[in-house]
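Next come the chains, spelled out residue by residue.
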Amino acid sequence: MRISPAELRNSLRACYPATEAAALARIVCCEMLGQRVTDFVLNEPLETDEAQARLLEDAVGRLLRFEPVQYIQGKARFLGRDFHVEPGVLIPRPETEELVERMLREIPANARMADIGTGSGCIAVTLALEVPGSRVQAWDISETALRIARQNAKALQAEVDFVHRDALAWQPEERGVLDVIVSNPPYVTEAERTDMEPNVLLHEPESALFVPDEDPLRFYRRIGLLGRELLAPGGRLYFEINRAYGKETADLLRRQGYTDVRTEKDLSGNDRFAAATQPGQATGH
């Protein structure tokens, strides 16, 4: 089979804007089929053998059905590492990379941490690898997510304790056993569906995305309460948040008794992160 990058771009234009079609064509040609970048730029035709032709046909068909290219490749990049992804886990976003970068500037060595709603494990695995002496738990209600996250931890040689747990229902029996809780929970309201891209709506897990319009802060409220139980004095709580509810999230955390509550903007200028501190003086452990 013989196809040029321009032909591939044009076929993808049926479903994608020009810039996105070009980016997807580059991924297919260069990353999946091994074409040199210079040949791609020069629009050199790509000669494919039978196996490559099947791969190309499959990839283009899935892209035209709006399947995310990360699922087609089976991987997503997160802070310099490749994480396996497949339907059933949310694809890591650049905003979540920003969240973890902010955390890494503040978290001390030997921190005891929990990532609530771990998905692919990108937050938990990165923290385990980047914070010396850390002990990291990763919770999720989805067995599929936990399977994928465990696979990523093993591939990247990260020590993470994975726990099948429903954060909305689970009741802790211990107090003060964590120094850091982080969560990127579902936060998109049902009313926001109409603003979302079809590749997200059609293929990514709804349970990892949506919350009811009448209770958009349900996960923050519950995880905030868990943090008041589980965090040691001086422990930190970090959230990725819905840009429309920055003030409401901060007010909720203050009402729950946290101190040093702050919201911060992402690189696009949207309220995207919240952080708060468990009252009391931090102690060694």
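Quick note: structure is the one above.
Conventions we followed
Residues numbered from 1 in each chain as written. Predicted model: local features only at pLDDT ≥ 70, side-chain atom pairs only at ≥ 80, totals over all residues. Heavy atoms only, no water. Axes fitted to C-alpha atoms, helices over the stretch in contact; angles between N-to-C directions. Helix = DSSP H or I, 4+ residues; strand = E, 2+ residues; numbered from the N terminus. Parallel < 35°, antiparallel > 145°, perpendicular 65-115°, else oblique. Contact = heavy atoms within 4.5 Å. Nonpolar A, V, L, I, M, F, W, Y, C, P; charged D, E, K, R; others polar. Buried < 20%, exposed > 50% of the residue type's maximum accessible area, 1.4 Å probe, protein only. Polar contact = N/O pair within 3.5 Å; in protein donor to acceptor, adjacent residues only side chain to side chain. Expected span 1.5 Å × (residues − 1). 1 Å grid on protein atoms, 1.4 Å probe; cavity = no way out; pocket = protein on both sides within 12 Å on 5 of 7 lines; lining within 4 Å. Points joined across faces, edges and corners; volume = space filled by probe spheres on them. Salt bridge = Lys/Arg side-chain N within 4 Å of Asp/Glu carboxyl O. Pairing = 2+ DSSP bridges.

(A) Geometry of the packing of helix H1 (residues 5–12) against helix H4 (residues 50–64). In the contact formed by H1 and H4, the axes pass within 10 Å of each other and the chain directions differ by 30°. When the interaxial angle is binned, H1 and H4 end up roughly parallel. Along its contact with H1, which presents Leu8, Ser11 and Leu12, the element H4 presents Leu56, Val60, Leu63 and Leu64. Looking at the contact of H1 with H4 residue by residue, the classes come out as six nonpolar, one polar and no charged.

(B) Representation of the environment of Tyr16. Structurally, the position occupied by Tyr16 is in the loop between H1 and helix H2 (18–32). Here Tyr16 falls in the buried class, since its relative accessible area comes to 7%. When the C-alpha positions of Tyr16 and Ile27 are compared, they lie 14 Å apart, and in sequence the two are eleven residues distant. Setting aside residues no more than four positions away along its own chain, Tyr16 makes contact with Ala21, Leu24, Leu63, Phe66 and Glu67. A polar contact is formed between the side chain of Tyr16 and the backbone oxygen of Leu63, at a distance of 2.5 Å.

(C) Molecular detail of helix H10 (residues 218–230). The end-to-end C-alpha separation of H10 is 18 Å, in line with the 18 Å expected for 13 residues at 1.5 Å each. Within H10 the residues assigned to the buried category are Phe219, Tyr220, Arg222, Ile223, Gly224, Leu226, Gly227 and Leu230. Among the structural elements, strand E5 (112–116), strand E6 (135–140), strand E8 (178–183), strand E10 (210–211), strand E11 (231–240) and helix H11 (246–255) are those in contact with the buried residues of H10.

(D) Summary view of the environment of Glu248. Within the secondary structure layout, Glu248 lies in helix H11. Sequence-wise, Glu248 and Phe83 are 165 residues apart; in three dimensions their C-alpha atoms are separated by 33 Å.

(E) Region of the structure containing empty space enclosed by the protein. Under the counting rule described, the total for this entry stands at one cavity of 30 Å³ or more. Computed from the structure, the largest cavity encloses a volume of approximately 60 Å³. Lining the largest cavity we find Leu99, Arg102, Tyr238, Phe239, Arg262, Glu264, Phe273, Ala274 and Ala275. For the lining of the largest cavity, the secondary structure elements donating two or more residues are helix H6 (94–104), E11, strand E12 (259–265) and strand E13 (271–277). In terms of residues, the lining of the largest cavity owes the most to one element, E13, which gives three residues. Class assignment of the residues belonging to the lining of the largest cavity gives a composition of six nonpolar, no polar and three charged.

(F) Structural view of the pattern of salt bridges. Under the counting rule described, the total for this entry stands at 21 salt bridges. Residue Glu67 is joined to Arg62 by a salt bridge in which the shortest nitrogen-to-oxygen separation is 2.7 Å. One continuous salt-bridge network, built from bridges that share partners, spans Glu98, Arg102, Glu106, Arg236, Asp260, Arg262 and Glu264.

(G) Focus on the sheet that holds E12. Strand order across the open sheet formed by seven strands is E7-E6-E5-E8-E11-E13-E12, with mixed pairing between neighbours. The two strands at the open ends of the sheet, each matched to only one other strand, are strand E7 (160–164) and E12. Averaged over all adjacent pairs, the angle separating strand axes in this sheet is 15°, with direction ignored. Of the strand pairs in this sheet, E5 and E6 are connected by five bridges, and their pairing is parallel. Note that in E6 the partner of Met113 across the bridge is Val136.

(H) Representation of the environment of Asp58. With respect to the helices and strands, Asp58 occurs in helix H4. Asp58 gets classed as partly exposed once you look at its relative accessible area, which sits at 36%. Taking the C-alpha atoms as reference, Asp58 lies 13 Å from Leu12; in sequence the two are 46 residues apart.

(I) Molecular detail of the pairing of strand E4 (residues 81–84). Residues of E4 alternate between two faces, with Arg81 and Phe83 buried on one and Asp82 and His84 left unburied on the opposite face. Pairing analysis gives four bridges linking strand E3 (residues 75–78) to E4, with the strands arranged antiparallel. Each residue of the ladder has a partner; that of Ala76, found in E4, is Phe83. Count of turn residues in the E3/E4 antiparallel hairpin: two residues, of which Leu79 carries a positive phi of about 50°.

(J) Main features of H4. Taking 1.5 Å per residue, 15 residues should reach 21 Å; H4 reaches 21 Å between its end C-alpha atoms and fits that length. Along H4, the positions that sit buried rather than exposed are Ala53, Leu56, Ala59, Val60, Arg62 and Leu63. Turning to H4, the residues buried within the fold contact strand E1 (2–3), H1, H2 and helix H5 (69–73). Regarding H4, its N-cap is Asp49, as a side-chain oxygen of that residue lies 3.2 Å from the backbone nitrogen of Ala51 further along. With its phi angle positive at about 65°, Phe66 sits one or two positions after the end of H4.

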